[in-house]
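Close look at the chain arrangement
The primary structure of each chain is shown beneath.
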Amino acid sequence: RQTRVVLNCVGPYRFFGEPVVEACVENGASCIDISGEPQFLEGMYLKYNEKAAEKGVYIIGSCGFDSIPADMGVLYTRDKLKGTLTAVESFLSVKSGPEGVGVHDGTWKSAVYGIADEANLKKLRKQIGYAPVPVVGAKLKKRGLMFYSPEFKEYCLTFMGSDGSVVRRTQRYLHSELQQTPVQYGAYVTVGGLGSVIKLMFLGMLFLILVKFNFGRKLLTKYPEFFSAGYFTKKGPTQKQMDGTSFTMTFFGEGYSEGQDPQNGKPNVKICTEVKGPEPGYIATPIAMVQAALSLLEDTASLPKRGGVYSPGAAFSKTKLIDRLNKRGVEFSVISKPEV
């Protein structure tokens, strides 16, 4: 009751997140989390959006690496294009030093239970009854599960994180509430050469088989290091691993120049932007979360007029969040200016 904003770091959120949200809504405190679990995020929208609006509090999910770089990156790309942005593809690249990358097994558990429970996410979305978002401009083609990117000279996979669902929620909100042109979005991750692809495909197949069964989930959560080829551990990353790791998210946008009707003809303008920063899980995530909280506290006039459960882009599209992040090492920039 004495608090204006609570930073909620209790993942896996499907097990521990809701009591915090409920307490915040009941007592009139806003709440920010770093969840990358669509079922939790959208479940909180279904259960608490109206209650939060009545109390005038903001419940804003996915304010860490999942999914501020993607969600705010799409909005940044839109704002830098002179014209109407209609489609964006993002490519995540994570670079590590000689010590490699390390991630705590809490993130692994979130993935295990999230993928196991995918059928319930579909039911949840039916319950919410999302209004369809119109496709403006040329339809963005879906790529295959795996493909070679000439831009990066690496193989890429569809990104399995929450970015896609978070960006779509933001675009739906901006279209329905603010009458802005919705942007189509595809999220991908670069994985390197053919050897990396084969290793990932093998681990991915094993994961998808085991995750369907109770004993398989127990194995996956008991031995994360074995089933993730050492990426996920119960200890999390070492300081050296964190110091040597960084991320870059590159956005390729297309749209229509000023005066050109997006409903007629092909896109005639392109832009490339980038968000880059330090190690994503333990350095960039707290930076993003704290700056989101400061935006919530200090940019109040620029927040949505009523409280509720929001995605980051929906809550912060008019705030100074991107400026705040730029000053603290999560940097947004234009790589190539809009070209006709």
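Computed from a predicted structure; not experimentally measured.

Rules and cut-offs
- Residues numbered from 1 in each chain as written.
- Predicted model: local features only at pLDDT ≥ 70, side-chain atom pairs only at ≥ 80, totals over all residues.
- Heavy atoms only, no water.
- UniProt positions renumbered as here; feature names shortened; annotations may be inferred.
- Helix = DSSP H or I, 4+ residues; strand = E, 2+ residues; numbered from the N terminus.
- 1 Å grid on protein atoms, 1.4 Å probe; cavity = no way out; pocket = protein on both sides within 12 Å on 5 of 7 lines; lining within 4 Å.
- Points joined across faces, edges and corners; volume = space filled by probe spheres on them.
- Nonpolar A, V, L, I, M, F, W, Y, C, P; charged D, E, K, R; others polar.
- Buried < 20%, exposed > 50% of the residue type's maximum accessible area, 1.4 Å probe, protein only.
- Polar contact = N/O pair within 3.5 Å; in protein donor to acceptor, adjacent residues only side chain to side chain.
- Contact = heavy atoms within 4.5 Å.

1. Side note on the UniProt feature "domain: Saccharopine dehydrogenase NADP binding" (unreviewed entry) in the protein chain
- Under the present numbering, the feature "domain: Saccharopine dehydrogenase NADP binding" (unreviewed entry) in UniProt falls on residues 2-60.
- With 56% helix and 19% strand, residues 2-60 has end C-alpha atoms that lie 19 Å from one another.

2. Structural notes on the layout of surface pockets
- For the second largest pocket, the calculated volume is near 690 Å³.
- Every residue lining the second largest pocket is counted, 28 residues in all, and those nearest its centre are Tyr-173, Ser-176, Glu-177, Tyr-310 and Ala-314.
- For the lining of the second largest pocket, the secondary-structure elements that each account for two or more residues are α2 (38-55), α6 (163-178), β12 (308-310) and α12 (312-316).
- Among the elements that make up the lining of the second largest pocket, the one with the highest residue count is α6 (7 residues).
- Here the lining of the second largest pocket is built from residues that sort into 15 nonpolar, 7 polar and 6 charged.

3. As for the side chain of Gln-241
- In this structure, Gln-241 sits in helix α10 (residues 239-243).
- Accessibility expressed as a relative area gives 14% for Gln-241, which makes it buried.
- Polar contacts involving the side chain of Gln-241 include one to the main-chain carbonyl oxygen of Glu-99, which spans 3.2 Å.
- For Gln-241, the residues in contact, after removing those within four places along its chain, are Glu-99, Gly-100, Val-101, Gly-102 and Gly-236.

4. A look at empty space enclosed by the protein
- If you walk through the whole model with that rule in mind, you get 1 cavity of 30 Å³ or more.
- The space that makes up the largest cavity amounts to roughly 50 Å³.
- Lining the largest cavity we find Val-21, Asp-33, Phe-40, Leu-41, Met-44, Ile-59, Gly-61, Arg-169, Val-309 and Tyr-310.
- Looking at the lining of the largest cavity, the elements that each hand over two or more residues are α2 and β12.
- For the lining of the largest cavity, the leading source of residues is α2, giving 3 residues.

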